[in-house]
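Architecture at a glance
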Amino acid sequence: MITPILSADTTAEIAANLSKNIAADSVLCSDGSWAYVAIAKQKNCDHKRLINNKVRVIDKIYHIQTVNGAIAHFKSWVNGQMKGVATKYLSHYLAWFKESNAKLDNLQILKAAYGGQQYYGT
């Protein structure tokens, strides 16, 4: 899961935050935003535009519900377990959510939290 917080839905913002995660010759699935069209051209990858209530499934593989399901899971966690979050800490909550769903053991979680460095405890 890639979890940057974008300040705007623009080609420049998407390129700055997501380009390194999009490989050439991959398949980029997006919503109806035109900004992704330019990114797909820049990265030379196939682009599937899944537009809610218009194009929901492409080639019986690419489905908007995959994204909607991930968003619903995160919202449920935020509103259920966290009882809401402050927007300024959203990136921290996204990281916490990602790690809590990674099914890591305690040592792996500590290593991830300390940037892969060895944790020696107190």
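1. What to know about the packing of aromatic side chains
- Scanning the entire structure with this criterion turns up five aromatic pairs.
- Taking the centre distance of 5.2 Å and the plane angle of 75° together, the rings of F74 and F97 count as edge-to-face. Of this pair, F74 sits in helix α3 (residues 64–80) while F97 sits in helix α4 (residues 90–100); the two residues are 23 residues apart in sequence, bridging distant segments of the chain. For the pair formed by F74 and F97, the shared burial category is buried.
- Plain terms: the ring middles of W77 and W96 are 5.7 Å apart, the flat faces sit at 80° to each other, and that makes the pair edge-to-face. A residue pair is termed long-range when its members are at least 10 positions apart, and W77 in helix α3 and W96 in helix α4 qualify at 19 residues.

2. Focus on the pairing of strand β2 (residues 46–49)
- Pairing analysis gives four bridges linking strand β1 (residues 27–30) to β2, with the strands arranged parallel. Looking at β2, one finds that C29 is bridged to K48.
- Viewed along the sheet, the connection from β1 through helix α2 (residues 35–43) into β2 turns out right-handed.

3. Thoughts on the side chain of K48
- Among the secondary structure elements, K48 is positioned in strand β2.
- Within the local environment of K48, its side chain forms a polar contact with the side chain of D46, the two groups lying 3.2 Å apart.
- Side chain to side chain, K48 and D59 meet in a polar contact 3.3 Å long.
- K48 has contacts with V27, L28, C29, S30, I58, D59 and Y62, leaving out every residue within four places of it along the chain.

4. Looking at the side chain of S19
- Relative to the assigned elements, S19 resides in the loop between α1 (11–18) and β1.
- Judged by its relative accessible area of 15%, S19 is buried.
- Discounting residues that sit within four places of it in the chain, S19 has contacts with I14, I39 and K43.

How each quantity is defined
Going along each chain's sequence as written, the residues are numbered from 1 onward. With pLDDT at 70 or above as the cut-off, local features in this predicted model cover only qualifying residues; side-chain atom pairs require 80 or more to be listed or tallied, and sums for whole chains, interfaces and linings still use all residues. To obtain the side-chain values, all non-hydrogen atoms of the structure were used and water was disregarded. Within 6.5 Å between ring centres, the rings of Phe, Tyr and Trp (the latter by its six-membered ring) count as paired, and their orientation is classed by plane angle as stacked under 30 degrees, edge-to-face over 60, tilted in between. To qualify as a helix, a DSSP run of H or I must reach at least 4 residues; to qualify as a strand, a run of E must reach at least 2; elements of each kind are numbered from the N terminus. Burial classes: relative accessible area under 20% of the type maximum marks a residue as buried, over 50% as exposed, and values in between as partly exposed (1.4 Å probe, protein chains only). By the convention used here, strands pair only if DSSP detects at least 2 bridges between them. Here, the term right-handed applies to a crossover whose path from the first strand over the helix to the second runs clockwise when the strands point away from the viewer. Polar contacts, as used here, are pairs of N or O atoms within 3.5 Å; protein pairs need one atom able to donate a hydrogen and one able to accept it. Residues neighboring in sequence count only if both atoms are side-chain atoms. Contact definition: two residues touch when any of their heavy atoms are within 4.5 Å.

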